[in-house]
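One letter stands for each residue in the lines below.
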Amino acid sequence: FLKAAPQFHYDPARGQFRAWLFTVTRHELLKMGKRLARQTAASGGSEVRQLLEQQPDARTDEADWDREYQWNLFAWAADKVKSEFRDTTWRAFWATAVQHQDVQQISRELGISVGAIYIARSRILARIREEIAKVEGE
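These remarks concern the structure in this document.

Rules and cut-offs
Residues numbered from 1 in each chain as written. Predicted model: local features only at pLDDT ≥ 70, side-chain atom pairs only at ≥ 80, totals over all residues. Heavy atoms only, no water. Helix = DSSP H or I, 4+ residues; strand = E, 2+ residues; numbered from the N terminus. Buried < 20%, exposed > 50% of the residue type's maximum accessible area, 1.4 Å probe, protein only. Polar contact = N/O pair within 3.5 Å; in protein donor to acceptor, adjacent residues only side chain to side chain. Contact = heavy atoms within 4.5 Å. Core = buried A, V, L, I, M, F, W, Y, C linked by side-chain atoms within 4.5 Å. Axes fitted to C-alpha atoms, helices over the stretch in contact; angles between N-to-C directions. Parallel < 35°, antiparallel > 145°, perpendicular 65-115°, else oblique. Nonpolar A, V, L, I, M, F, W, Y, C, P; charged D, E, K, R; others polar.

## Quick word on the side chain of serine 107
Consideration 1: For serine 107, the position within the fold is in helix 5 (residues 103-110).
Consideration 2: Among the residues examined, serine 107 registers a relative accessible area of 11% and is labelled buried.
Consideration 3: A polar side-chain atom of serine 107 sits 2.4 Å from the main-chain carbonyl oxygen of isoleucine 112.
Consideration 4: Other than its neighbours up to four places away in sequence, serine 107 contacts Ile112, Ser113, Val114 and Ile117.

Below you can see the structure in the form of structure tokens.
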């Protein structure tokens, strides 16, 4: 970040500051992970080995980073809009759209029509997208 900061010239036409900062941070973490992966492994007793095995893998895959970011953004937005919907509507959405459960089965369990589930999914996803757009547009 410190190396990239002097090169940053804010131009709204090229994107938002948040997107630039996210990109710089991601690249720095990936470089750090690659650098740590090249280091020679330390030797030590079984306690040291056990401690090292408990540490997360420093080699971060860019796709994993992006997936985790997208999931966290989705989860945050979903939590934010959840209170706008009835519990049954939310449960139908979460079970079918997020947990990929069978729509027919959820319809029977919750006592609502299949059509109502698809409508709920559409409305809730639209609200989640609105919340994400607000954050990414800042």
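Moving on, there is more to tell.
## Notes on the nonpolar core
Consideration 1: In terms of nonpolar packing, the biggest core is built from twelve residues, these being Leu73, Phe74, Ala77, Ala78, Val81, Trp90, Phe93, Val98, Ile124, Ile128, Ile132 and Val135.
Consideration 2: For this core, the secondary structure elements donating two or more residues are helix 3 (62-81), helix 4 (87-98) and helix 6 (114-137).
Consideration 3: When residues of this core are assigned to their parent elements, the largest contribution, five residues, is made by helix 3.
Consideration 4: Within the second largest apolar cluster, six residues are counted, among which are Ala95, Ile106, Leu110 and Ile117.

## A word on the packing of helix 4 against helix 6
Consideration 1: The contact between helix 4 and helix 6 brings their axes to 9 Å, and the two run at 85°. With respect to helix 6, the axis of helix 4 lies roughly perpendicular. Residues Thr89, Trp90, Ala92, Phe93, Thr96 and Ala97 of helix 4 pack against Ile117, Ala120, Arg121, Ile124, Leu125 and Ile128 of helix 6.
Consideration 2: For the contact of helix 4 with helix 6, the residue count by class is nine nonpolar, two polar and one charged.

All we've got here are geometric facts, nothing functional implied.
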